[in-house]
Amino acid sequence: MLLLLLLQVSASCLWLARSEVVTSFESSCPQFFFRETPPNEALEPENPAWICQRYKNQYYFATLYDRNRRIPVYSAYLYQPAPGKRPKTWLVEPQLMGPTYPKTLEREWTLLNYFNVSLEQLSKSQAILQDYKNLTGLNRGHLNPSSHHPDSSSRTATFTLTNIVPQDEKLNGGAWNNYEQQTMIRRTQGCNTTYVVVGAVPGNNYIAKGRVNKPSYIWASACCEVDTNHRKAWAAIAENDKNEVQLLTLGELEDVLTQLYRRDQVSLFDSDCPRE
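Residues numbered from 1 in each chain as written. Predicted model: local features only at pLDDT ≥ 70, side-chain atom pairs only at ≥ 80, totals over all residues. Heavy atoms only, no water.

If you check an unreviewed UniProt entry, the protein chain appears there as ENDD1 protein from Nyctibius bracteatus.

What follows is the structure, encoded as C-alpha coordinates:
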(Lines give C-alpha, C1' and ligand atoms only; values in the text may rest on other atoms or scores of the structure.)
Protein backbone atom coordinates (compact mmCIF):
# COMPACT_ATOMS: atom_id res chain seq x y z
CA MET A 1 0.00 0.00 0.00
CA LEU A 2 2.86 2.34 0.88
CA LEU A 3 4.59 1.54 -2.41
CA LEU A 4 1.41 2.33 -4.34
CA LEU A 5 1.08 5.66 -2.54
CA LEU A 6 4.69 6.55 -3.30
CA LEU A 7 4.19 5.70 -6.96
CA GLN A 8 1.11 7.90 -7.12
CA VAL A 9 2.91 10.82 -5.47
CA SER A 10 5.88 10.38 -7.78
CA ALA A 11 3.69 10.30 -10.88
CA SER A 12 1.85 13.45 -9.83
CA CYS A 13 5.16 15.23 -9.26
CA LEU A 14 6.47 14.16 -12.64
CA TRP A 15 3.68 15.95 -14.44
CA LEU A 16 4.80 19.21 -12.85
CA ALA A 17 8.08 19.35 -14.75
CA ARG A 18 7.68 19.03 -18.49
CA SER A 19 10.08 19.32 -21.35
CA GLU A 20 9.59 18.28 -24.95
CA VAL A 21 11.87 17.07 -27.68
CA VAL A 22 10.19 18.59 -30.74
CA THR A 23 10.66 18.72 -34.50
CA SER A 24 11.20 22.49 -34.71
CA PHE A 25 11.23 25.57 -32.52
CA GLU A 26 9.11 27.54 -35.00
CA SER A 27 6.14 25.23 -34.49
CA SER A 28 6.52 24.49 -30.77
CA CYS A 29 8.17 27.29 -28.74
CA PRO A 30 8.96 30.22 -31.07
CA GLN A 31 8.37 32.86 -28.37
CA PHE A 32 11.98 32.75 -27.20
CA PHE A 33 13.30 34.05 -30.51
CA PHE A 34 13.04 37.58 -31.89
CA ARG A 35 10.36 37.62 -34.58
CA GLU A 36 9.99 33.88 -33.86
CA THR A 37 13.16 33.26 -35.88
CA PRO A 38 15.72 30.80 -34.42
CA PRO A 39 19.38 30.78 -35.50
CA ASN A 40 19.89 29.31 -38.95
CA GLU A 41 21.11 25.80 -39.73
CA ALA A 42 24.79 26.80 -39.82
CA LEU A 43 25.10 25.82 -36.13
CA GLU A 44 23.16 22.58 -36.41
CA PRO A 45 25.10 19.47 -35.26
CA GLU A 46 25.13 16.10 -36.96
CA ASN A 47 22.68 14.57 -34.46
CA PRO A 48 20.51 17.43 -33.10
CA ALA A 49 17.63 17.52 -30.64
CA TRP A 50 15.30 20.51 -30.37
CA ILE A 51 14.11 20.84 -26.77
CA CYS A 52 11.36 23.15 -25.54
CA GLN A 53 12.20 23.36 -21.84
CA ARG A 54 8.97 23.35 -19.85
CA TYR A 55 8.27 23.28 -16.13
CA LYS A 56 4.87 23.20 -14.41
CA ASN A 57 3.11 23.26 -17.79
CA GLN A 58 4.88 26.41 -18.96
CA TYR A 59 7.71 26.84 -21.43
CA TYR A 60 10.73 28.75 -20.12
CA PHE A 61 13.40 28.48 -22.84
CA ALA A 62 14.58 26.52 -25.85
CA THR A 63 17.74 24.43 -26.30
CA LEU A 64 19.34 22.97 -29.40
CA TYR A 65 21.18 19.88 -28.09
CA ASP A 66 24.06 17.96 -29.63
CA ARG A 67 23.31 14.31 -28.91
CA ASN A 68 26.73 13.06 -30.03
CA ARG A 69 28.82 15.51 -28.00
CA ARG A 70 26.30 15.57 -25.10
CA ILE A 71 26.31 19.36 -24.80
CA PRO A 72 23.89 22.11 -25.84
CA VAL A 73 24.66 24.03 -29.02
CA TYR A 74 22.73 27.01 -27.68
CA SER A 75 19.93 27.99 -25.33
CA ALA A 76 17.51 30.81 -26.14
CA TYR A 77 15.43 32.73 -23.60
CA LEU A 78 13.96 36.06 -22.55
CA TYR A 79 16.10 38.10 -20.16
CA GLN A 80 14.00 38.76 -17.02
CA PRO A 81 16.37 38.93 -14.03
CA ALA A 82 15.16 39.13 -10.44
CA PRO A 83 16.54 38.29 -6.98
CA GLY A 84 16.01 34.74 -5.80
CA LYS A 85 17.59 31.55 -4.52
CA ARG A 86 19.77 29.39 -6.73
CA PRO A 87 18.22 25.93 -7.26
CA LYS A 88 20.13 22.82 -6.15
CA THR A 89 18.38 19.94 -7.92
CA TRP A 90 19.79 18.83 -11.28
CA LEU A 91 17.47 17.40 -13.94
CA VAL A 92 17.83 15.37 -17.15
CA GLU A 93 15.71 14.93 -20.29
CA PRO A 94 13.97 11.52 -20.57
CA GLN A 95 12.72 12.13 -24.10
CA LEU A 96 16.26 12.10 -25.44
CA MET A 97 16.07 8.33 -24.90
CA GLY A 98 13.03 8.16 -27.16
CA PRO A 99 9.49 9.52 -27.66
CA THR A 100 7.89 6.82 -25.48
CA TYR A 101 9.46 8.28 -22.35
CA PRO A 102 7.77 11.04 -20.31
CA LYS A 103 7.81 14.59 -21.64
CA THR A 104 9.39 15.63 -18.38
CA LEU A 105 12.51 17.15 -16.96
CA GLU A 106 13.26 14.75 -14.13
CA ARG A 107 15.88 13.69 -11.64
CA GLU A 108 18.07 10.72 -12.50
CA TRP A 109 17.00 9.03 -9.28
CA THR A 110 13.33 9.10 -10.25
CA LEU A 111 13.98 7.64 -13.70
CA LEU A 112 16.13 4.84 -12.31
CA ASN A 113 13.67 3.92 -9.56
CA TYR A 114 10.25 4.47 -11.12
CA PHE A 115 10.65 4.10 -14.89
CA ASN A 116 12.83 1.00 -15.12
CA VAL A 117 15.59 3.01 -16.81
CA SER A 118 19.21 1.98 -16.32
CA LEU A 119 21.98 4.52 -15.87
CA GLU A 120 23.69 3.06 -18.95
CA GLN A 121 20.52 3.59 -21.00
CA LEU A 122 20.18 7.19 -19.80
CA SER A 123 23.87 7.96 -20.36
CA LYS A 124 23.73 6.92 -24.02
CA SER A 125 21.42 9.82 -24.83
CA GLN A 126 22.88 12.65 -22.75
CA ALA A 127 25.25 13.78 -20.03
CA ILE A 128 24.59 12.50 -16.52
CA LEU A 129 25.68 13.74 -13.10
CA GLN A 130 28.57 11.26 -12.95
CA ASP A 131 30.11 12.95 -16.00
CA TYR A 132 30.59 16.17 -14.04
CA LYS A 133 32.07 14.68 -10.87
CA ASN A 134 35.72 15.04 -9.86
CA LEU A 135 36.50 17.67 -12.49
CA THR A 136 39.74 19.63 -12.29
CA GLY A 137 39.61 23.26 -13.37
CA LEU A 138 36.11 22.89 -14.85
CA ASN A 139 32.58 23.07 -13.53
CA ARG A 140 29.00 22.91 -14.71
CA GLY A 141 28.51 26.08 -16.73
CA HIS A 142 24.99 27.23 -17.54
CA LEU A 143 24.33 28.60 -21.00
CA ASN A 144 21.01 30.00 -19.81
CA PRO A 145 21.78 31.17 -16.24
CA SER A 146 19.19 30.83 -13.50
CA SER A 147 19.83 34.43 -12.41
CA HIS A 148 18.34 35.73 -15.66
CA HIS A 149 14.88 34.51 -14.63
CA PRO A 150 12.25 36.03 -12.36
CA ASP A 151 10.93 33.22 -10.14
CA SER A 152 11.58 29.81 -8.63
CA SER A 153 9.98 27.81 -11.43
CA SER A 154 11.86 29.53 -14.25
CA ARG A 155 15.16 29.26 -12.37
CA THR A 156 14.62 25.56 -11.63
CA ALA A 157 13.98 24.89 -15.32
CA THR A 158 17.54 26.02 -16.15
CA PHE A 159 19.04 23.31 -13.91
CA THR A 160 18.95 20.63 -16.57
CA LEU A 161 22.15 19.00 -17.83
CA THR A 162 20.89 19.73 -21.35
CA ASN A 163 21.65 23.41 -20.57
CA ILE A 164 25.16 22.74 -19.18
CA VAL A 165 28.68 22.58 -20.63
CA PRO A 166 32.07 21.88 -19.03
CA GLN A 167 33.27 25.44 -18.48
CA ASP A 168 36.58 26.74 -17.18
CA GLU A 169 35.92 27.41 -13.50
CA LYS A 170 37.82 30.72 -13.44
CA LEU A 171 35.94 31.97 -16.50
CA ASN A 172 32.59 30.77 -15.16
CA GLY A 173 33.08 32.50 -11.82
CA GLY A 174 35.02 35.46 -13.18
CA ALA A 175 34.79 37.30 -16.49
CA TRP A 176 31.78 35.34 -17.79
CA ASN A 177 29.90 35.88 -14.56
CA ASN A 178 30.67 39.57 -14.83
CA TYR A 179 29.23 39.62 -18.34
CA GLU A 180 26.08 37.79 -17.20
CA GLN A 181 25.49 39.98 -14.17
CA GLN A 182 27.00 43.41 -14.83
CA THR A 183 27.29 43.87 -18.60
CA MET A 184 23.80 42.52 -19.26
CA ILE A 185 22.28 44.92 -16.73
CA ARG A 186 24.02 47.89 -18.36
CA ARG A 187 23.26 46.87 -21.94
CA THR A 188 19.56 46.21 -21.30
CA GLN A 189 18.84 49.67 -19.92
CA GLY A 190 15.85 51.03 -21.84
CA CYS A 191 14.89 47.63 -23.28
CA ASN A 192 11.29 46.46 -23.17
CA THR A 193 12.04 42.89 -24.31
CA THR A 194 15.47 41.30 -24.61
CA TYR A 195 15.93 38.06 -26.55
CA VAL A 196 19.09 36.12 -25.68
CA VAL A 197 20.89 33.24 -27.38
CA VAL A 198 23.91 31.76 -25.58
CA GLY A 199 25.97 28.97 -27.09
CA ALA A 200 29.10 26.84 -27.06
CA VAL A 201 31.48 25.98 -29.91
CA PRO A 202 32.59 22.32 -29.72
CA GLY A 203 36.25 21.74 -28.97
CA ASN A 204 38.76 18.94 -29.47
CA ASN A 205 38.82 17.79 -25.84
CA TYR A 206 36.39 15.70 -23.81
CA ILE A 207 35.65 14.89 -20.18
CA ALA A 208 34.15 11.75 -18.65
CA LYS A 209 36.32 9.34 -20.66
CA GLY A 210 35.40 10.93 -23.96
CA ARG A 211 31.68 11.19 -23.34
CA VAL A 212 31.13 14.95 -22.98
CA ASN A 213 32.74 17.57 -25.19
CA LYS A 214 34.59 20.49 -23.64
CA PRO A 215 33.69 23.56 -25.75
CA SER A 216 36.49 25.66 -27.18
CA TYR A 217 34.46 28.87 -26.90
CA ILE A 218 31.42 30.16 -25.00
CA TRP A 219 29.44 32.92 -26.68
CA ALA A 220 26.40 35.10 -26.01
CA SER A 221 24.18 37.35 -28.10
CA ALA A 222 21.22 39.60 -27.39
CA CYS A 223 18.61 41.51 -29.38
CA CYS A 224 16.64 44.13 -27.49
CA GLU A 225 13.43 45.86 -28.47
CA VAL A 226 13.53 49.42 -27.17
CA ASP A 227 10.18 50.21 -28.81
CA THR A 228 8.32 49.22 -31.97
CA ASN A 229 10.75 51.17 -34.16
CA HIS A 230 14.07 50.82 -32.35
CA ARG A 231 16.25 47.83 -31.53
CA LYS A 232 19.80 47.30 -30.34
CA ALA A 233 22.00 44.23 -30.20
CA TRP A 234 25.32 43.09 -28.73
CA ALA A 235 27.40 39.97 -28.27
CA ALA A 236 30.34 38.43 -26.44
CA ILE A 237 32.71 35.49 -26.78
CA ALA A 238 35.30 33.84 -24.56
CA GLU A 239 37.87 31.10 -25.03
CA ASN A 240 37.04 28.29 -22.64
CA ASP A 241 40.49 28.20 -21.05
CA LYS A 242 40.99 31.91 -20.35
CA ASN A 243 39.30 34.26 -17.90
CA GLU A 244 38.61 36.89 -20.57
CA VAL A 245 35.45 38.01 -22.39
CA GLN A 246 35.54 39.93 -25.66
CA LEU A 247 32.60 42.23 -26.35
CA LEU A 248 31.46 42.28 -29.99
CA THR A 249 28.71 43.57 -32.22
CA LEU A 250 26.15 40.98 -33.28
CA GLY A 251 27.56 41.01 -36.81
CA GLU A 252 31.09 40.45 -35.54
CA LEU A 253 30.03 37.43 -33.48
CA GLU A 254 28.17 35.92 -36.42
CA ASP A 255 31.30 36.30 -38.56
CA VAL A 256 33.52 34.74 -35.88
CA LEU A 257 31.13 31.78 -35.49
CA THR A 258 31.04 31.37 -39.26
CA GLN A 259 34.83 31.05 -39.26
CA LEU A 260 34.87 28.67 -36.29
CA TYR A 261 32.17 26.36 -37.68
CA ARG A 262 33.45 26.61 -41.28
CA ARG A 263 30.00 26.26 -42.78
CA ASP A 264 27.45 28.70 -44.16
CA GLN A 265 27.17 32.23 -42.81
CA VAL A 266 25.79 32.12 -39.25
CA SER A 267 22.65 34.13 -38.49
CA LEU A 268 21.53 34.25 -34.86
CA PHE A 269 18.55 36.60 -35.11
CA ASP A 270 16.03 37.93 -37.60
CA SER A 271 17.53 40.50 -39.98
CA ASP A 272 15.80 43.38 -38.16
CA CYS A 273 18.30 43.06 -35.30
CA PRO A 274 21.16 45.52 -35.97
CA ARG A 275 24.48 43.88 -36.82
CA GLU A 276 26.63 46.98 -36.25
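1. Re the overall build of the protein chain
Secondary structure summary: the protein chain contains 8 helices and 12 strands in total. Against the compact-globule benchmark of 19 Å for 276 residues, the protein chain has a radius of gyration of 18 Å, which places it among compact chains. For the protein chain, the C-alpha atoms occupy an extent of roughly 65 × 40 × 35 Å along the three principal directions. Of all 276 residues assigned to the protein chain, the portion counted as buried reaches 53%. Contacts in the protein chain between residues far apart in sequence, at least 24 positions, make up 65% of those at least 6 positions apart. (Helix = DSSP H or I, 4+ residues; strand = E, 2+ residues; numbered from the N terminus. Rg over C-alpha atoms; globule rule 2.2 N^0.38 Å. Buried < 20%, exposed > 50% of the residue type's maximum accessible area, 1.4 Å probe, protein only. Contact = heavy atoms within 4.5 Å.)

2. Things to note about the layout of surface pockets
If you add up the space inside the second largest pocket, you get close to 230 Å³. Forming the boundary of the second largest pocket are 16 residues, of which Arg-86, Pro-145, Ser-146, Ser-147 and Glu-180 lie nearest the centre. Among the residues forming the lining of the second largest pocket, the class breakdown is 3 nonpolar, 8 polar and 5 charged. (1 Å grid on protein atoms, 1.4 Å probe; cavity = no way out; pocket = protein on both sides within 12 Å on 5 of 7 lines; lining within 4 Å. Points joined across faces, edges and corners; volume = space filled by probe spheres on them. Nonpolar A, V, L, I, M, F, W, Y, C, P; charged D, E, K, R; others polar.)

3. Points about the nonpolar core
Soluble globular proteins tend to pack their nonpolar side chains together in the buried interior. Counting 44 residues, the largest nonpolar core has Leu-122, Trp-176, Val-196, Val-198 and Trp-234 as the members making the most contacts within it. Counting residues per element, the ones that place at least two in this core are strand S2 (48-55), strand S3 (58-66), strand S4 (71-78), strand S6 (164-168), helix H7 (175-187), strand S7 (193-201), strand S10 (217-227) and strand S11 (230-239). Residue contacts for Val-196: discarding those within four places in its chain leaves Ser-75, Ala-76, Tyr-77, Tyr-79, Met-184, Ser-221 and Ala-222. Core analysis: the second largest hydrophobic core is formed by 32 residues, Phe-25, Trp-219, Leu-250 and Tyr-261 among them. (Core = buried A, V, L, I, M, F, W, Y, C linked by side-chain atoms within 4.5 Å.)

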